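Structural overview for review
The primary structure of each chain is shown beneath.
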Amino acid sequence: MKKGVYVMKKVFALACCAILIAGATPAFSAIKTPTITGSTGLIKMPTGDVLGSKDFNVAVDYIFDGSAASAATTVSDLKGTWQYKANVGSFMGYTKGMELGFVGRTEKVTNRFKEGVFINLKYSLSSSDDPDALHLAIGVENLTSLMESDAYMVASKYFKGGAGVHFGAMFDFPNYNRFRPLGMLGLNMPVGNQAFTIMGELFSGESVFQVDAGIRYSFNSNFSILARGLNVTNSTTARDSQAYSAGVSIANFF
């Protein structure tokens, strides 16, 4: 068991180190990347902004859960799932925007692609077209899923230097017809330069409590790598079991 935990921590640490080493390259304006579930945002929390007109991104994450990693003795023993996603932005006015995306995944046991994908949709309204304006958004995730769909309202405020604060509410349906409201709070903070960002988020409501964390490094305006952890405190009342992911995001590549 201890050996498996060591392997899990080693893999996550290597991903973090790769991003930190890359921090020697010049800074530039931060870009928008998808969450693990697909919408533009942090780790699993959507933010209030959307992709710009005609902008698009695609991303891939490899996700392995903490319990499976605890039983692994080597890196090759880590068995997870691939999750792929894509988003496109639509122009609706200087202070309005729409983002449409999809997300799919592979089977954990067979590693084959699952049939069908889930749909994400987000509508954003900002107080002005300034970069530090307040952004408000409503959206739905996993729209075609029976058990994993949710709706949310979120506000995002960015500050000079690239830091952002995000807060809102999410409404999911964990037992088919049971409605569950959750509060969510997120933060992204550039470190050293705007290319390297630390991210954190909190979900809380009823008996639910979950903390997620992650880091992102953007080599340029098109390519980013990410390392993220779900339920990093291993809370027994979290929405998600403890899991880790490593991924890449590519935007506007042609």
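So, here's what we can say about the structure.

Thresholds, definitions, all that
Residues numbered from 1 in each chain as written. Predicted model: local features only at pLDDT ≥ 70, side-chain atom pairs only at ≥ 80, totals over all residues. Heavy atoms only, no water. Helix = DSSP H or I, 4+ residues; strand = E, 2+ residues; numbered from the N terminus. Buried < 20%, exposed > 50% of the residue type's maximum accessible area, 1.4 Å probe, protein only. Contact = heavy atoms within 4.5 Å. Areas by Shrake-Rupley, 256 points an atom, 1.4 Å probe, with all protein chains shown as cover. 1 Å grid on protein atoms, 1.4 Å probe; cavity = no way out; pocket = protein on both sides within 12 Å on 5 of 7 lines; lining within 4 Å. Points joined across faces, edges and corners; volume = space filled by probe spheres on them. Nonpolar A, V, L, I, M, F, W, Y, C, P; charged D, E, K, R; others polar. Pairing = 2+ DSSP bridges. Axes fitted to C-alpha atoms, helices over the stretch in contact; angles between N-to-C directions. Phe/Tyr/Trp six-rings, centres within 6.5 Å; stacked < 30°, edge-to-face > 60°. Lys NZ or Arg CZ within 6 Å of the ring centre and 35° of its normal.

Attention now moves to the overall build of the protein. Helix and strand counts for the protein come out as two helices and twelve strands. In the protein, the succession of helices and strands from N to C terminus is α-β-α-β-β-β-β-β-β-β-β-β-β-β. Looking at the 254 residues of the protein, the share that counts as buried comes to 46%. Sequence-distant contacts, at least 24 apart, represent 51% of the contacts inside the protein between residues at least 6 apart. On the protein, roughly 12,500 Å² of surface is accessible, and the fraction owed to carbon and sulfur atoms is 65%.

So, about the layout of surface pockets. When its volume is computed, the largest pocket comes out at roughly 910 Å³. In terms of lining, the largest pocket is formed by 40 residues, of which the most central are Lys32, Asp49, Pro131, His135 and Tyr158. Elements supplying a minimum of two residues to the lining of the largest pocket: strand 2 (81-91), strand 3 (96-105) and strand 4 (118-126). Its residues assigned to classes, the lining of the largest pocket shows twelve nonpolar, 20 polar and eight charged. Volume-wise, the second largest pocket comes out at about 720 Å³. Taken together, 30 residues form the lining of the second largest pocket, with Lys44, Arg105, Glu148, Leu230 and Asp240 sitting closest to its centre. Contributions of two or more residues to the lining of the second largest pocket are made by strand 1 (56-65), strand 2 and strand 7 (164-172). The biggest single contributor to the lining of the second largest pocket is strand 1, with three residues. Among the residues forming the lining of the second largest pocket, the class breakdown is nine nonpolar, eight polar and 13 charged.

Strand order in the closed barrel made by the twelve strands is 1-2-3-4-5-6-7-8-9-10-11-12, with antiparallel pairing throughout. Adjacent strand axes in the sheet meet at a mean angle of 20°, parallel and antiparallel pairs treated alike. As paired elements, strand 7 and strand 8 (residues 180-191) share nine bridges and run antiparallel to each other. Bridge pairing in strand 8 links valine 165 to leucine 187.

A complete count under the given rule lists eight aromatic pairs for this structure. Their ring planes at 40° and their centres at 6.5 Å tell us that tyrosine 62 and phenylalanine 64 sit as a pair that is tilted. What makes tyrosine 62 partly exposed here is its relative accessible area of 21%. Residues tyrosine 217 and phenylalanine 219 carry aromatic rings whose centres are separated by 5.0 Å and whose planes lie at 80° to one another, so their mutual orientation is edge-to-face. Taking the ring centre of phenylalanine 203 as reference, the NZ or CZ of arginine 239 above it sits at 5.4 Å.

With that out of the way, let us pick up the pairing of strand 6 (residues 150-158). Sheet topology places strand 5 (residues 134-141) next to strand 6; eight bridges connect them, and they run antiparallel. Residue leucine 136 lies in a different strand from strand 6, and its bridge partner there is alanine 155. As paired strands, strand 6 and strand 7 are joined by nine bridges and run antiparallel to one another. Pairing of valine 154 across the sheet is with glycine 168, part of strand 7. Connecting strand 6 to the antiparallel partner strand 7 that follows it, the hairpin turn spans five residues, and glycine 161 within it adopts a positive phi of roughly 100°.

Here we take up the side chain of threonine 197. Residue position: threonine 197 is located in strand 9 (residues 193-205). The exposure class assigned to threonine 197 is buried, which follows from its relative accessible area of 2%. If near-sequence neighbours (up to four positions away) are discounted, threonine 197 is found in contact with Asn188, Met189, Pro190, Gly214, Ile215 and Arg216.

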